[in-house]
Amino acid sequence: MKGKLITFEGGEGSGKSSVSKFVFENLKSKKISCIWTREPGGTPSAEKIRSILVKTSTDKLEPITELLLHYAARAEHYHNFIKPQMETGTIVLCDRFYDSTTAYQGYGHKLDLKTVEKIKNLVIGKFKPDLTFIMHIPAEDGLKRAGKREVETKSNENRYEMMDIDFHKRLEKGFLAIAKKEPKRCIIVNAKQPLEEVCADVLNKLHKHLKI
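Residues numbered from 1 in each chain as written. Predicted model: local features only at pLDDT ≥ 70, side-chain atom pairs only at ≥ 80, totals over all residues. Heavy atoms only, no water.

Colleague: Before we move on, could you go through the packing of aromatic side chains and cite the residues and values that matter?
Modeller: In total, this model carries 7 aromatic pairs according to the counting rule given. Relative to Tyr160, the ring of Tyr104 has its centre 5.1 Å away and its plane inclined at 75°; by these criteria the two rings are edge-to-face. Within this pair, whereas Tyr104 is found in helix α4 (residues 98-108), its partner Tyr160 is found in the loop between α6 (139-153) and α7 (165-181), the two being separated by 56 residues in sequence. Here the two residues Tyr104 and Tyr160 agree in accessibility, since each one is buried. Among the aromatic residues, those joined into a ring-pair cluster are Tyr78, Phe97, Tyr98 and Phe127. Over the ring of Tyr98 we find Lys120, and its NZ or CZ is 4.7 Å from the ring centre. (Phe/Tyr/Trp six-rings, centres within 6.5 Å; stacked < 30°, edge-to-face > 60°. Helix = DSSP H or I, 4+ residues; strand = E, 2+ residues; numbered from the N terminus. Buried < 20%, exposed > 50% of the residue type's maximum accessible area, 1.4 Å probe, protein only. Lys NZ or Arg CZ within 6 Å of the ring centre and 35° of its normal.)

Now the structure itself:
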């Protein structure tokens, strides 16, 4: 089977991390060559950049700095991990990829979308995921979930969660706009459903895509 990149996108509290890990376990149980990874992160150097992006207070980074840091991490991740894995025929399941940068820094922080696109092309060219699941949940509902998760896991990776509601509403609209622009690649999933239903929905669509 040819290597593929399957990405999972969505706002805070959309459940994409849980769903992507569930899918990974499902494919692994079927003896399909696959690997799970995340952004920002995925390589030692990219994980160091992640720490700056998700743990710094909300007023410490300029939006353009965020954009460049995300793509610095992505350059390391894509060229040193994702691409080599795909070349071996492995299915790479990635929790966030460049659509998140477009949504968060482009729509959320209102950076010029053409500038965001230029940086993307500079770093990874015209490369695109084979399939992208966009977990859609209203911004307010997603933030409530994220806050509950933060308490349960005691995570301190909450920089974006602390941004104001208007940012998260722009983010929500951004992901929907991305899906509308590329309907063949992007599948919108109703992430407000119970997690088990979301997982079943995603698996069904992915199995059809992979023809398994």
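Colleague: Quick rundown of the nonpolar core? Include the residues and the values.
Modeller: Core analysis: the largest hydrophobic core is formed by 22 residues, its most contacted members being Phe8, Val23, Leu27, Phe133, Met135 and Val202. Elements that contribute at least two residues to this core include exactly β1 (4-10), α1 (16-29), β3 (91-95), β4 (131-136) and α8 (195-210). Per-element accounting of this core gives the leading share, 6 residues, to α8. In contact with Phe8, not counting residues within four places along its chain, are Lys16, Val19, Ser20, Val23, Leu93, Cys94, Asp95, Arg96, Phe133, Met135 and Val202. Core analysis: the second largest hydrophobic core is formed by 18 residues, Ala46, Leu53, Ala73 and Ala179 among them. (Core = buried A, V, L, I, M, F, W, Y, C linked by side-chain atoms within 4.5 Å. Contact = heavy atoms within 4.5 Å.)

Colleague: Could you give an account of the sheet that holds β4, naming the residues involved and the relevant values?
Modeller: Taken together, the 5 strands give an open sheet; going across it, the order is β2-β3-β1-β4-β5, and neighbouring strands pair in parallel fashion. Looking at strand neighbours, the two that pair on one side only are β2 (34-38) and β5 (186-190), the edges of this open sheet. Ignoring which end each strand starts from, the neighbouring axes of this sheet average 20° apart. Pairing of β2 with β3, which is carried by 5 bridges, proceeds in the parallel orientation. Pairing of Arg38 across the sheet is with Asp95, part of β3. Relative to the sheet, α1 contacts β1, β2, β3 and β4, its axis offset from that of β3 by approximately 165°. (Pairing = 2+ DSSP bridges. Axes fitted to C-alpha atoms, helices over the stretch in contact; angles between N-to-C directions.)

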